[in-house]
Amino acid sequence: MDATKTVYVGSIPFDQTEEQVMEIAKSIGPVVDMKLLFDPLTGKSKGYAFVKYTDHETAASAVRNLNNFALGNRMLKCSFSSDNSISSEFGVENGVAGSSGSYEASDSNSLPALPPGMQLFANQTPPQAVSGALSTLDQASAYQLIAEAKQMAKTNPQLTRTLLEQCPQLAHALVETCLLLNMVTPDIIQMCLNKKMTDIDQLSVDHVELLKQVNSLTEAETNSLPEDKRKVVIQIRDEIKKGSYGTIY
DNA sequence: GTTGAGCGTT
């Protein structure tokens, strides 16, 4: 057992099965090992479990998110497992995001260690925390953030995908930053999420007009555009052809 | 109702 990756979960209602506890544990991240303890004589749950995660940061996330989690008529208790057999080299982490360590990737095809998560305030939702963090960002930094994200997406789309999958709050932050900078509008975001729009009414009149204009550009007009803009026009036309925007005419 | 088995003894 590894005390840096393993959490103690206590105050589990006695009627919870191992499967049910596993589901809750997995809501935090991949689980390597889980043991709900039972009294060998009575067969009843002892109301506590040990959950081993793949890494320390996921375990830390469990401590933050599972402690005081309401389950049945009880509040779960979650902390790093105390392990008397191994002297703990890590103090218990009370922690807010990381100051220590470098996050440089060893090579361009693997992600560096990502910074740890942060403690949410009471009643604060993750999106609120992201918005709060972004509110401290000045406009120039915001533009730089988007530019760097775009650069990364172009030079290494696979790694970018991995990063955003592992760190959905970053994806959220990037989208929100684009909105703050007026690079996109909410209905465009909506469209990307839906991929297919069956209801054209959800597009603003301006957008419909714009799509019509793009779609009706002549070959000569299209060819006179700079390379990058021409690509976008062609892409939009393809989308219209595929019906991604519904029927605009 | 709050930190991991059991055997069997360094």
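Cut-offs and rules
Residues numbered from 1 in each chain as written. Chains lettered and ligands numbered in written order. Predicted model: local features only at pLDDT ≥ 70, side-chain atom pairs only at ≥ 80, totals over all residues. Heavy atoms only, no water. Phe/Tyr/Trp six-rings, centres within 6.5 Å; stacked < 30°, edge-to-face > 60°. Helix = DSSP H or I, 4+ residues; strand = E, 2+ residues; numbered from the N terminus. Buried < 20%, exposed > 50% of the residue type's maximum accessible area, 1.4 Å probe, protein only. Near = heavy atom within 4 Å. Polar contact = N/O pair within 3.5 Å; in protein donor to acceptor, adjacent residues only side chain to side chain. Nonpolar A, V, L, I, M, F, W, Y, C, P; charged D, E, K, R; others polar.

Enquirer: Go over the packing of aromatic side chains, please, and point to the residues and values.
Expert: Here a ring pair, both rings aromatic, is described through the centre-centre distance and the interplanar angle of the planes. Taken as a whole, this structure holds three aromatic pairs when the rule is applied. Ring centres 5.8 Å apart and planes at 40° place the aromatic pair Tyr8 and Tyr48 in the tilted group. With a gap of 40 residues between them, Tyr8 in strand 1 (residues 6–10) and Tyr48 in strand 3 (residues 45–53) connect regions that are remote in the sequence. Residue class for Tyr8 comes out partly exposed when judged on its relative accessible area of 28%. Assessed through its relative accessible area of 23%, Tyr48 is described here as partly exposed. Taking 6.1 Å as the distance between ring centres and 90° as the angle between the ring planes, the aromatic pair formed by Tyr48 and Phe50 counts as edge-to-face. Among the aromatic residues, ring-to-ring pairing joins Tyr8, Tyr48 and Phe50 into one connected group.

Enquirer: I'd like a description of the protein's contact with DNA strand B, backed by residues and values.
Expert: Taken together, 17 residues form the shell around DNA strand B, and within it Ile12, Phe14, Leu37, Gly47 and Ser79 come nearest. Close to the protein, within 4 Å, the atoms of DNA strand B belong to sugar or phosphate groups at a rate of 36%. One nitrogen or oxygen atom from the main chain of Ile12 is found 2.5 Å from a base nitrogen belonging to DNA strand B. Ser82 is positioned such that a nitrogen or oxygen atom in its backbone is 3.1 Å from a base oxygen of DNA strand B. Among the elements of the structure, strand 1, strand 2 (31–38), strand 3 and strand 6 (77–80) are those that each provide at least two residues to the surface near DNA strand B. In terms of residue class, the surface near DNA strand B is made up of eight nonpolar, five polar and four charged.

Don't take any of this as a statement about function, it's just geometry.
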